[in-house]
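Listed here are the chains, written in short residue letters.
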Amino acid sequence: MSHTNSDPSPAPPSWPHCGEGVSPERPFGCPGIHVSGHTACLAHLPGPDRDAYLAGLAPGADIDHSGTPFTPSLLTALLDPLRDPATGHPHLGSAVFESATFNGRAVFESATFNGRAVFESATFKGVAWFGSAVFEHVAGFRSAVFEGNASFGSAAFKRDTVFGLAAFQGQAEFEAATFEGDVGFWSAVFERPTVFDSATFKGDTRFALATFKAVARFESATFQRPAVFTSAIFMAGAVFDRATFEHVALFESATFRDEAGFQWSTFEEIAVFESAAFLGRAVFVSATFQDGAGFTSAAFRRDAWFGSSTFQNDAVFEAVTFQNDAWFDSATFEGDAVFEAAAFERNAWFDSATFEEALRLGPLVCAEQVRLSGAVFGGPVILSIAARHLECRRTRWSSTAEVRLRYATVDFAHAVFEYPLTIAAEPDPFVLADGQQVAEGPLSDAAAAVRMASLRGVDAAHLVLADVDLSGCLFTGTVHLDQVRLEGNCSFATVPSGARWRAGHPVRFTERRTLAEEHHWRAGQPAAVPGWNTTASGVGHVGPAQLAPVYRALRKAFEDGKNEPGAADFYYGEMEMRRHDRIGTSRAERGLLHSYWMLSGYGLRASRAMGWLAAAMLATIVLLMGFGLPNNDPKQEATGTVPVGGGKVTFEIGKDDPRNPTGNRFTGERFEKALNVTLNSVVFRSADQDLTTAGTYIEMTSRLTEPVLLGLAVLAVRNRVKR
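The structure reproduced in this document is the subject of the present report. (Residues numbered from 1 in each chain as written. Predicted model: local features only at pLDDT ≥ 70, side-chain atom pairs only at ≥ 80, totals over all residues. Heavy atoms only, no water.)

**Quick word on the packing of helix α3 (residues 516–523) against helix α5 (residues 564–580)**
Next up, step 1: For the pair α3 and α5, interaxial distance at closest approach is 12 Å and the crossing angle is 30°. One element, α3, and the other, α5, form an angle in the roughly parallel class. In terms of crossing hand, the pair formed by α3 and α5 is left-handed. The segment α3 lies against α5, with Glu518, Trp521 and Arg522 engaging Glu576, Met577 and His580.
Next up, step 2: The class makeup of the residues in the contact of α3 with α5 is two nonpolar, one polar and three charged. (Axes fitted to C-alpha atoms, helices over the stretch in contact; angles between N-to-C directions. Helix = DSSP H or I, 4+ residues; strand = E, 2+ residues; numbered from the N terminus. Parallel < 35°, antiparallel > 145°, perpendicular 65-115°, else oblique. Left-handed = near helix turned anticlockwise from the far one by under 90°. Contact = heavy atoms within 4.5 Å. Nonpolar A, V, L, I, M, F, W, Y, C, P; charged D, E, K, R; others polar.)

Shown next, in the form of structure tokens:
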């Protein structure tokens, strides 16, 4: 049974070839080109003929040994007559070694190729040594295979150079090499470490679709024309530290499976990393992008470091995914910073970054914390951020700004803004320019409320807060807090609800807005009841003396906003702090405040004042019935003397002194009289009721205290309904 071989049969070379050594594997024999005037290649040329051919060579001669197999000794014999007597280095004209095979070391060190140097499809089975070689014309190594190390260190390529589809199975060294024409390494494969340190590329450089299976080093390399690494694959480290890209740098869809280093690199024109995949660390520390930097749809699986980088034009990180921490600390954005639809799956660090002209930052999504502490915004900007935490400590805004947030807990301690700044909670997901909502990923299951953590050290004269939760916000140390504007639903902490036990008796707090710092202070008291929130570490301790002015400032802010009921809560808090302040409030004042608090809750608790009024009225009624009303109403008697013989009669009307009650004093009739006297006392009127001496004093006391309690109740109601 016959079998058909599906593998294509090898084709004979296009040049007249030697044909020596025909075998099933080599049906056409040796592919070496005929030596001129002979029918064999240089390797199979008889000794005398070979010697004659070599003796006829001189420096600068053109040679063509395509397909010829070379041993180290044969190559040495070929190059010796080509050596320049002045330098001792090989000097070749046009050199064609297409599909040649170099068994063992192939040494072309310091050789000069004045014509074309053609090594296409050549195979170097040992070390290929081209160190300090000079290629004055086109150098072609297309599809060449380097099975050993390939050294082109300090080589000079004066014209176009082609290494496309080449395979470097050993180490490839091009350190300090100079490529003055275009150079192409497209689809080349580098299986061992590759070194282009300090290399200079003066023409277009193409590494598109190249594969680097070991470390690729381009440290201090210079690319004077476009550098194309589109779809290149770096399976180990890629080192471009201190590299200079004087023209366009294209890394579109490139894959970096290990660390990608671009520290101190300079991109003088646009740098494109669109859709690039960074599976290891991406290090762009202190890099300089003098034109645009495009990272649209790039993916960073490990840490991304852009610390101290400078973006002198637009920096585009649209739809970028950072699966680990992203560091932009001390970076400078001189143009727009586009992070629209960027997703940070961990932390985003922009500490001390400078945004000189950025119009917007975001909308972006961060699963953990966005840090803008120490950052500087030089122009009007809108920040749209969905994150768990946003830290803006010592951040400076030099123009108007709007910070629109979702989910975030915000720390604005010691932030500086000289123009109006708005911090607002965004109720719905952010919408992109194309109308699509920003995917919020791991945040979507959390509450979208925005919480302020601290405004300490902030000058709030230009601050607007809209729909934010202030229940945990630290306010002490805030300047011009009375000028802050609170819009929408800005909620504060409240007192513990329900009845609580303290020292064996129940305690109930009436509902009111409070500051987080009052919670912390009360929770730290020895007799604190459960329900007050304790302070976090590092917050610092504040007491009533520091909290009273904060409450006063917020009261004024609410009053200026025509919100009297809201202001009432902060007036209550201010009075509470004054009552508990043992440093700035005297004992007499504290006693007065304590009485004011007990009687009417500082004129804000109508129920308390009404309760005291009811108790006072009841006490007055009971005392009047028991001691104030006489036993019987005194009767009036008129007495007079009739003159003898008639005439004018003069009467004197007298009244018995009221007698202290005896017998049953608590009757319905006496209650009615006592109630009448008490009600008239409440409105500061006299009931014209006869009273005993004790009753007179009781009525006087009633007419003094009960109208005051009624007034406090009316005042409390007014404070709650006034707008």
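**Quick word on helix α2 (residues 72–79)**
Next up, step 1: Residues Leu74, Leu75, Leu78 and Leu79 constitute the buried set of α2. All buried residues of α2 fall inside an arc of 130° around its axis, so they share one side.
Next up, step 2: In the core, the buried residues of α2 are packed alongside α1 (47–55), β1 (63–64), β2 (69–70), β3 (91–92), β5 (101–102) and β6 (106–107). (Buried < 20%, exposed > 50% of the residue type's maximum accessible area, 1.4 Å probe, protein only. Arc of directions from axis to C-beta.)

**Regarding the nonpolar core**
Next up, step 1: With 165 residues, the main nonpolar core has Trp397 and Phe412 as its most contacted residues.
Next up, step 2: The residues contacting Trp397, other than those within four sequence positions of it, are Phe377, Val381, Leu383, Cys392, Val403, Phe412, Ala415, Val416, Phe417, Glu418 and Leu421. (Core = buried A, V, L, I, M, F, W, Y, C linked by side-chain atoms within 4.5 Å.)

**Overview of the pattern of salt bridges**
Next up, step 1: Applying the stated criterion across every chain, the model contains 31 salt bridges.
Next up, step 2: Note that Arg406 is salt-bridged to Glu440, the shortest N-O span being 2.6 Å. With a gap of 34 residues between them, Arg406 in strand β56 (residues 401–406) and Glu440 in the loop between β59 (421–425) and β60 (451–454) connect regions that are remote in the sequence.
Next up, step 3: Glu576 is the partner of Arg522 in a salt bridge, and the nearest nitrogen-oxygen pair spans 2.7 Å. Linking Arg522 in helix α3 with Glu576 in helix α5, this pair joins segments that are 54 residues apart in sequence. Accessibility classification places Arg522 together with Glu576 in one group, the buried group.
Next up, step 4: Through salt bridges that share partners, Arg512, Glu518, Arg522, Glu576 and Arg579 make up one connected network. (Salt bridge = Lys/Arg side-chain N within 4 Å of Asp/Glu carboxyl O.)

**Quick notes on unusual backbone geometry**
Negative phi is the rule for most residues except glycine; trans is the rule for most peptide bonds.
Next up, step 1: The peptide bond linking Gly362 to Pro363 adopts the cis configuration, its omega dihedral lying at 10°.
Next up, step 2: Secondary-structure assignment places Pro363 in strand β52 (residues 360–371).
Next up, step 3: A positive phi is found at Ser297, a non-glycine position, where the angle reads about 65°.

**Here we look at the side chain of Arg512**
Next up, step 1: By secondary structure assignment, the location of Arg512 is in the loop between β65 (505–508) and β66 (513–514).
Next up, step 2: Side chain to side chain, Arg512 and Glu518 meet in a polar contact 2.6 Å long.
Next up, step 3: Beyond its immediate stretch of four places on either side in the chain, Arg512 contacts Ala493, Thr494, Val495, Glu518, Arg522, Tyr551, Asp569, Tyr572, Gly573, Glu576 and Arg605. (Polar contact = N/O pair within 3.5 Å; in protein donor to acceptor, adjacent residues only side chain to side chain.)

**Digging into the packing of aromatic side chains**
Next up, step 1: Taken as a whole, this structure holds 125 aromatic pairs when the rule is applied.
Next up, step 2: Between the aromatic rings of Phe135 and Phe141, the centroid separation amounts to 6.2 Å while the plane-to-plane angle is 80°, which identifies the pairing as edge-to-face.
Next up, step 3: Centroid distance Phe311 to Phe317: 6.1 Å. Interplanar angle 80°. Geometry classified as edge-to-face. With respect to burial, Phe311 and Phe317 carry one shared label: buried. (Phe/Tyr/Trp six-rings, centres within 6.5 Å; stacked < 30°, edge-to-face > 60°.)

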